[in-house]
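# Survey of secondary and tertiary structure
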Amino acid sequence: MPALLTHYCLALEVFGEDADEAAFVGSQGPDPFFFYGRLPWKKREDSKTVPSFGTLLHRIDPADFYAKLLMRASKSEDCAILKPYLEGLFLHYCLDRRAHPFIFYKSGQSTDPSKSHLYSISHMYYETFVDVLVARRYDLKKNPDECLELSEDKALAISRLFMETEEEAKIAGDLPLDAFSGGVKDYKTLERFLLSRHGVKKALITKVFGPASEPSALSYPSSVEKIPHIDFLNESHGLWRDPVSGEEHHTDFYELMKEAELDYASFKEAIDKAYEGEDVTSLLKGLTKGLNHDGTSEGALKTHFDLVWKVE
Ligand SMILES: [Zn+2]
């Protein structure tokens with residue numbers, strides 16, 4: 001799921017502010033696929049296939065597919081453009097994997113198809129609060145859409161890499177050539193459209209689309225002080241549980257970001273090895289430990305929750 005500013009802040013921490021723009025867009029992982037063709041005023045032909053591909057990449061243990069991406073990239077004529085993107089992608093995975101169990105515990109999830117949409121809104125909504133708080137801590141001055149700056153040639157090289165790797169791996173339907181680049185463009189446009197500096201536009205968006213709508217949930221709150229009783233980042237170190245295993249934690253969100261940064265160091269070694277020509281499939285499998293972007297194994301049932309607000 002998005003949490004664009006949080007991923008950007010961690011990338012700043014790990015890569016430094018002078019890093020390649022592809023590393024920052026990479027830190028948004030496969031999330032741009034979610035937004036391909038989703039602008040109501042700009043439809044695209046593959047507006048179902050591409051977002052589903054983004055969902056699939058979040059659901060599966062990505063070791064196999066990401067190993068293929070790495071090995072193909074290392075042999076590509078665009079290898080230098082692709083490497084910072086891939087570093088960002090792995091950092092995104094590391095943070096998703098650490099943060100999602102906490103976010104699911106607080107915002108919920110349902111396997112009931114009639115309810116899953118509301119829970120996904122709850123998840124997005126929660127993440128916007130996390131984003132605003134983390135961005136404030138990092139003193140980030142950028143608007144969300146500015147975190148998605150990417151030149152056309154880089155966007156196309158990354159897009160081509162995904163299309164060709166999917167042709168090889170066949171884990172989903174065929175991707176169009178602009179799946180990634182179009183996703184980044186649409187994500188950027190949407191963020192620009194949803195930006196509500198003073199809350200007026202968010203109020204209007206909520207009025208037009210409804211409170212339980214994606215546009216309203218994705219539009220950043222102008223003030224987090226409106227919900228003072230919710231400890232969105234668990235700064236009080238209260239108990240939370242892994243939604244699948246029930247394992248107890250007291251970590252706060254910044255500690256989860258730190259853990260992700262530490263995890264990333266091993267993935268960075270795998271990236272370098274792939275770029276030296278090594279087959280890194282089994283190495284990556286050892287590092288992901290079967291965990292997807294949600295921090296669980298595919299299909300694992302989440303049963304432990306303590307929701308911060310009523311969803312149904
Ligand atoms: Zn993600």
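Refer to the preceding data block for the structure.
Residues numbered from 1 in each chain as written. Predicted model: local features only at pLDDT ≥ 70, side-chain atom pairs only at ≥ 80, totals over all residues. Heavy atoms only, no water.

Attention now goes to the overall build of the protein chain. What the protein chain contains, in helices and strands, is 12 helices and two strands. Listing the helices and strands of the protein chain from first to last along the sequence gives α-α-α-α-α-α-α-α-α-α-β-β-α-α. Here the C-alpha atoms of the protein chain give a radius of gyration of 18 Å, agreeing with the 20 Å that 2.2 N^0.38 yields for 312 residues. For the protein chain, the spread of C-alpha atoms along the principal axes amounts to about 50 × 45 × 40 Å. (Helix = DSSP H or I, 4+ residues; strand = E, 2+ residues; numbered from the N terminus. Rg over C-alpha atoms; globule rule 2.2 N^0.38 Å.)

Quick look at a nonpolar patch on the surface now. A surface patch of nonpolar side chains, about 530 Å² in accessible area, is lined by Trp-41, Phe-193, Leu-204, Val-208 and Phe-209. Among the elements that take part in the nonpolar patch, helix H9 (residues 200-209) stands out by supplying three residues, more than any other. The residue Phe-193 is located in helix H8 (residues 179-194) in this model. (Patch = residues over 30% accessible without salt bridge, like charges linked within 9 Å, V, L, I, M, F, W, Y side chains within 5 Å. Areas by Shrake-Rupley, 256 points an atom, 1.4 Å probe, with all protein chains shown as cover. Salt bridge = Lys/Arg side-chain N within 4 Å of Asp/Glu carboxyl O.)

Core analysis: the biggest nonpolar cluster contains 89 residues, and Leu-86, Phe-162, Phe-180, Phe-253 and Leu-284 have the highest contact counts within it. It is helix H5 (residues 79-107) that contributes the most residues to this core, 13 residues altogether. (Core = buried A, V, L, I, M, F, W, Y, C linked by side-chain atoms within 4.5 Å. Buried < 20%, exposed > 50% of the residue type's maximum accessible area, 1.4 Å probe, protein only.)

This next bit is on the packing of helix H4 (residues 63-75) against H5. At a minimum axis distance of 9 Å, the contact between H4 and H5 shows a crossing angle of 160°. Classed by the angle they form, the pair H4 and H5 counts as roughly antiparallel. In the crossing of H4 with H5, the sense of the turn from one axis to the other is left-handed. Taking contact as the criterion, the partners of Tyr-66, Leu-69, Leu-70, Ala-73 and Ser-74 in H4 are, on H5, Cys-79, Leu-82, Leu-86, Leu-89 and Phe-90. Looking at the contact of H4 with H5 residue by residue, the class counts come to nine nonpolar, one polar and no charged. (Axes fitted to C-alpha atoms, helices over the stretch in contact; angles between N-to-C directions. Parallel < 35°, antiparallel > 145°, perpendicular 65-115°, else oblique. Left-handed = near helix turned anticlockwise from the far one by under 90°. Contact = heavy atoms within 4.5 Å. Nonpolar A, V, L, I, M, F, W, Y, C, P; charged D, E, K, R; others polar.)

Okay, the coordination of the zinc ion next. For a metal with four donors in a tetrahedral arrangement, the ideal angle between donors is 109.5 degrees, while six donors in an octahedron ideally sit at 90 or 180 degrees. In this structure, Asp-31 (OD), His-58 (NE2), His-92 (NE2) and Asp-96 (OD) serve as the protein donors to the zinc ion, at separations of 2.1 to 2.4 Å. In this structure, the zinc ion is coordinated by four donor atoms arranged in irregular fashion, with angles at the metal of 80 to 169°. Motif for the zinc ion, donor spacing along one chain: D-x26-H-x33-H-x3-D. In this pair, His-58 is assigned in helix H3 (residues 49-59) and Asp-96 in helix H5, connecting sequence segments 38 residues apart. (Donors = N, O, S within 2.8 Å, 3.2 Å for Na, K, Ca; no water. Tetrahedral: all angles 85-135°; square planar, octahedral: opposite > 155°, others 65-115°.)

Opposite charge on two side chains permits them to pair, given that their charged atoms come into close proximity. Counted under the stated rule, the structure contains 24 salt bridges. Residue Arg-97 pairs with Asp-263 through a salt bridge whose shortest N-O separation is 3.4 Å. Taken as a pair, Arg-97 in helix H5 and Asp-263 in helix H11 (residues 253-275) lie far apart in primary sequence, 166 residues in all. The partner of Arg-98 in a salt bridge is Glu-259, and the shortest N-O contact between them spans 3.2 Å. Of the two residues, Arg-98 sits in helix H5 while Glu-259 sits in helix H11, which places them 161 residues apart along the sequence. On the basis of relative accessibility, which here comes to 30%, the residue Arg-98 falls in the partly exposed class. Given the relative accessible area of 25%, Glu-259 is considered partly exposed. Within this structure, Lys-42, Arg-44, Asp-178 and Asp-186 form a network of salt bridges that share partners.

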